[in-house]
Amino acid sequence: MFESLSDRFSGVIGDLGKRGTLSEADVAEAMREVRLAMLEADVALPVVKDFVNKVKERSVGAEVLESVSPGQAVAKIVNDALIDALGGAGAVPLNLNAAPPVPILMVGLQGSGKTTTSGKIALRLATRERKKVLLASLDTQRPAAQLQLQQLAERAGVASLPIIAGQTPVEIAQRAMETGRREGYDVVILDTAGRLSIDEALMNEVRQIRDVTHPAETLLVVDAMTGQDAVNTAKSFNEAVGVSGVVMTRMDGDARGGAALSMRAITGAPIKLTGSGEKLDALEEFHPERVAGRILGL
Amino acid sequence: FTKRKLDEAALEDLEDHLIAADLGPEVAERVIESFRSTRFGTEVTDEEIRTALADEIARVLEPVAIPFEPSPELKPHVVLMVGVNGSGKTTTIGKMGRYFSEQGKKVIMVAGDTFRAAAVEQLQVWGERTNVPVIAGKPGADAAGLAFEALRKGKAEGADLLLIDTAGRLHNKGALMEELAKIIRVMKKFDETAPHSVLLVLDATTGQNAVEQVRVFRELVNVTGLIVTKLDGSARGGIVVALAEEFKLPIHAVGVGEKAEDLRPFSAQEFARGLVGKASLETSPPEEGETPSAAP
Ligand SMILES: Nc1nc2c(ncn2[C@@H]2O[C@H](COP(=O)(O)OP(=O)(O)OP(=O)(O)O)[C@@H](O)[C@H]2O)c(=O)[nH]1
Ligand SMILES: Nc1nc2c(ncn2[C@@H]2O[C@H](COP(=O)(O)OP(=O)(O)OP(=O)(O)O)[C@@H](O)[C@H]2O)c(=O)[nH]1
Ligand SMILES: [K+]
Ligand SMILES: [Mg+2]
Ligand SMILES: [Mg+2]
């Protein structure tokens, strides 16, 4: 990744000659490239501007060692800053530090992958960490949503909360937690209906769900193909319920996934997991280093 | 109204606004360039700017704003609904089912997603809601076989419109795309002309990747038109402008909610106005709650 990034910059940065430090003009040229690459990768515009300004500051006047080209020098600064902005090296695990049953609340826009990801997390916790997991669907909106989660629970070999027609999402949430306590579950995953960032009524509802369950994790599930609207999604869910972690789904597609950077920048919450397929085992830890290269189109 | 000169700074603000609406940096720049050539330096109000810019964009969209009309000669007109995961295919089938059956057409919906958990049951609920019959196979059944069977049945029963749902698939997955091509091949064994429409359903929240989606789906399964969903949210769907320029595929309809009646014909003017929205010379971030209210 490094070579192609520095190649891209070498094309726009003039020969430094004998100067030895990066000039403002050199950096400005390179930053135009970065800005474009990031916008093409769907990083949200305010996040791009902020990032570019920071990198500009770090770059201007930076020493260029004799062994590297100016292009390489800028590439390293950009790359490091991007990994940093994505959360630094390494992965952040799910936080299950709470008295069992530990509630995990899944939220996000319609069709982002909440229900599937609920099933994936259940499978992972059950098999890797030997947790006793209960899946509960609070989705009374989408046709057959509760049945979908029930079928995924069967596939994952974990329990699901029996479906009772006519209950409100808040009532189901309470019943899920009671069942979790009574039957000795370690983790209760609460899958919710998709909702738009502008839907006040549904945002209030998810806030109520949070208030009655006190989730250890509130995971915002986001499609990796998301465009500039990532800003609104991140803001509104974070304001409504406080996002503790982000899951990027459909990383198996060929979208460059700039929404990951927007999510991190706006919620401040780490990206914890990525979905890379429809099957229940297609869930991975998030590695900022890998996604950085993808965002820059390398 | 306060007038202000349309200068470089103002144009840059407008360009930012278009980028934030997902037009993409290249298209946004091009739109602003041609806008500049006609208006630069003139004294204008915000309102005038918005209208003029919307007109500029609407000109690109006008030629592709073509409503979907099932052909009365075809018995049935066969529609294959395709797209990436979660874009809104099944919901859109439910909405179209309602609309055309209320127009007095005999509609049949086909639960061709035999893969995803409860996908069949989801469409069956839509069938009950809209009073439209649903043909379904067993979970895990061969989708091509089901489509073939449904086509035979639809012909025998003299249906007007056959709406076939398919499993969501990412365009970069060769095997899954081949499966879709197979559904089409198998249908053609029964009726050379089927499917008569292949509709690609796009989520308005999607960014630049939508271009790749359309390119690949069009190449592999001959997409005939687009439907854009989830425009009731804060996403403005600006990528549609790039799609209109590059592919010129008809945009038939937009989804503006989760209910059966939440489908509207695509209107170039309304859509363009929604894109430009609150665009203002004082750069304001895209306001939440902005919805291009597509006129029926
Ligand atoms: N390729 C791929 N598909 C995924 C991934 N995660 C989820 N999906 C698919 O995306 C579609 C939507 O997923 P759901 O889990 O139903 O999404 P949701 O957020 O629960 O949807 P609503 O409840 O309607 O808001 C399904 O077809 C899933 O199989 C992923 O990581 N990769
Ligand atoms: N707000 C809003 N939600 C929509 C719209 N269209 C679909 N949805 C919602 O988006 C989610 C996914 O819709 P589906 O119809 O299941 O999507 P799909 O393409 O069939 O999904 P897969 O079969 O899993 O690939 C559901 O929660 C729908 O209710 C729309 O126009 N507006
Ligand atoms: K909108
Ligand atoms: Mg769901
Ligand atoms: Mg579907």
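Residues numbered from 1 in each chain as written. Chains lettered and ligands numbered in written order. Predicted model: local features only at pLDDT ≥ 70, side-chain atom pairs only at ≥ 80, totals over all residues. Heavy atoms only, no water.

Student: Got a minute to help me understand the site of ligand 1 in this structure?
Tutor: Around ligand 1, the structure places 24 residues, and the nearest of them are Gly113(A), Lys114(A), Thr115(A), Thr116(A) and Arg142(A). Those chains with residues close to ligand 1 are chains A and B. The contact in question runs from an oxygen atom of ligand 1 to an N or O atom on the backbone of Ser112(A), over 3.1 Å. Thr115(A) is positioned such that a nitrogen or oxygen atom in its side chain is 2.7 Å from an oxygen atom of ligand 1. Here ligand 1 has 650 Å² of accessible area as a free molecule, and 96% of this is covered by the chains. At 4 residues, the largest contribution of residues to the shell around ligand 1 is made by helix 5 (residues 114-128) of chain A. In the shell around ligand 1, the residues fall into 2 nonpolar, 14 polar and 8 charged. (Near = heavy atom within 4 Å. Polar contact = N/O pair within 3.5 Å; in protein donor to acceptor, adjacent residues only side chain to side chain. Areas by Shrake-Rupley, 256 points an atom, 1.4 Å probe, with all protein chains shown as cover. Helix = DSSP H or I, 4+ residues; strand = E, 2+ residues; numbered from the N terminus. Nonpolar A, V, L, I, M, F, W, Y, C, P; charged D, E, K, R; others polar.)

Student: How should I be thinking about the nonpolar core in this particular structure?
Tutor: In globular proteins that are soluble, nonpolar side chains generally tend to be buried together. One finds Met248(A) and Ile57(B) to be the most contacted residues of the largest nonpolar core, which totals 149 residues. Among the elements that line this core, the one with the most residues is helix 4 (residues 70-85) of chain A, at 8 residues. Every residue in contact with Ile57(B), bar those within four places of it in the chain, is listed here: Leu18(B), Val31(B), Val241(B), Ala272(B), Leu275(B) and Val276(B). Listed in part, the 27 residues of the second largest apolar core include Ile121(A), Leu125(A), Val133(A) and Leu280(A). (Core = buried A, V, L, I, M, F, W, Y, C linked by side-chain atoms within 4.5 Å. Buried < 20%, exposed > 50% of the residue type's maximum accessible area, 1.4 Å probe, protein only. Contact = heavy atoms within 4.5 Å.)

Student: In this structure, what is going on with helix 1 (residues 8-20) of chain B? I would like to understand it.
Tutor: Three- or four-residue spacings in an α-helix give side chains the same orientation, since the helix completes a turn every 3.6 residues. Compared with the 18 Å implied by 1.5 Å per residue over 13 residues, the 18 Å span of helix 1 of chain B between its first and last C-alpha is a close match. For helix 1 of chain B, every residue scored as buried is listed here: Ala10(B), Leu11(B), Asp13(B), Leu14(B), Glu15(B), Asp16(B), His17(B), Leu18(B) and Ile19(B). Lining the buried residues of helix 1 of chain B we find helix 2 (24-40) and helix 3 (45-59) of chain A together with strand 1 (3-5), helix 2 (25-39), helix 3 (46-61) and helix 10 (268-276) of chain B. At the C-terminal side of helix 1 of chain B, Asp22(B) shows a positive phi close to 75°. (Expected span 1.5 Å × (residues − 1).)

Student: Teacher, can you tell me more about the sheet that holds strand 4 (residues 187-191) of chain A here?
Tutor: One key point about sheets: their strands pair by backbone hydrogen bonds, in either a parallel or an antiparallel sense. All names here are of chain A. Within the open sheet, the 8 strands sit side by side as 3-2-4-1-5-6-7-8. Their pairing is mixed. Of all the strands in the sheet, the pair left with one neighbour each is strand 3 (159-160) and strand 8 (283-285). Where strand 1 (residues 102-107) and strand 4 come together, 5 bridges link them in parallel fashion. The partner of Met106 across the bridge, within strand 4, is Asp191. Contacting strand 2 (133-137), strand 3 and strand 4, helix 6 (residues 145-156) crosses the sheet at an angle of about 160° to strand 2. (Pairing = 2+ DSSP bridges. Axes fitted to C-alpha atoms, helices over the stretch in contact; angles between N-to-C directions.)

Student: I'm lost on the sheet that holds strand 8 (residues 225-229) of chain B in this one. Help?
Tutor: Residue and element names in this part refer to chain B. With mixed pairing, the 8 strands of this open sheet are ordered in space as 5-4-6-3-7-8-9-10. The open sheet terminates on both sides in strands that have one partner only, identified here as strand 5 (134-135) and strand 10 (263-265). Bridging between strand 7 (residues 197-203) and strand 8 involves 5 bridges; their strand directions are parallel. Looking at strand 8, one finds that Leu202 is bridged to Val228.

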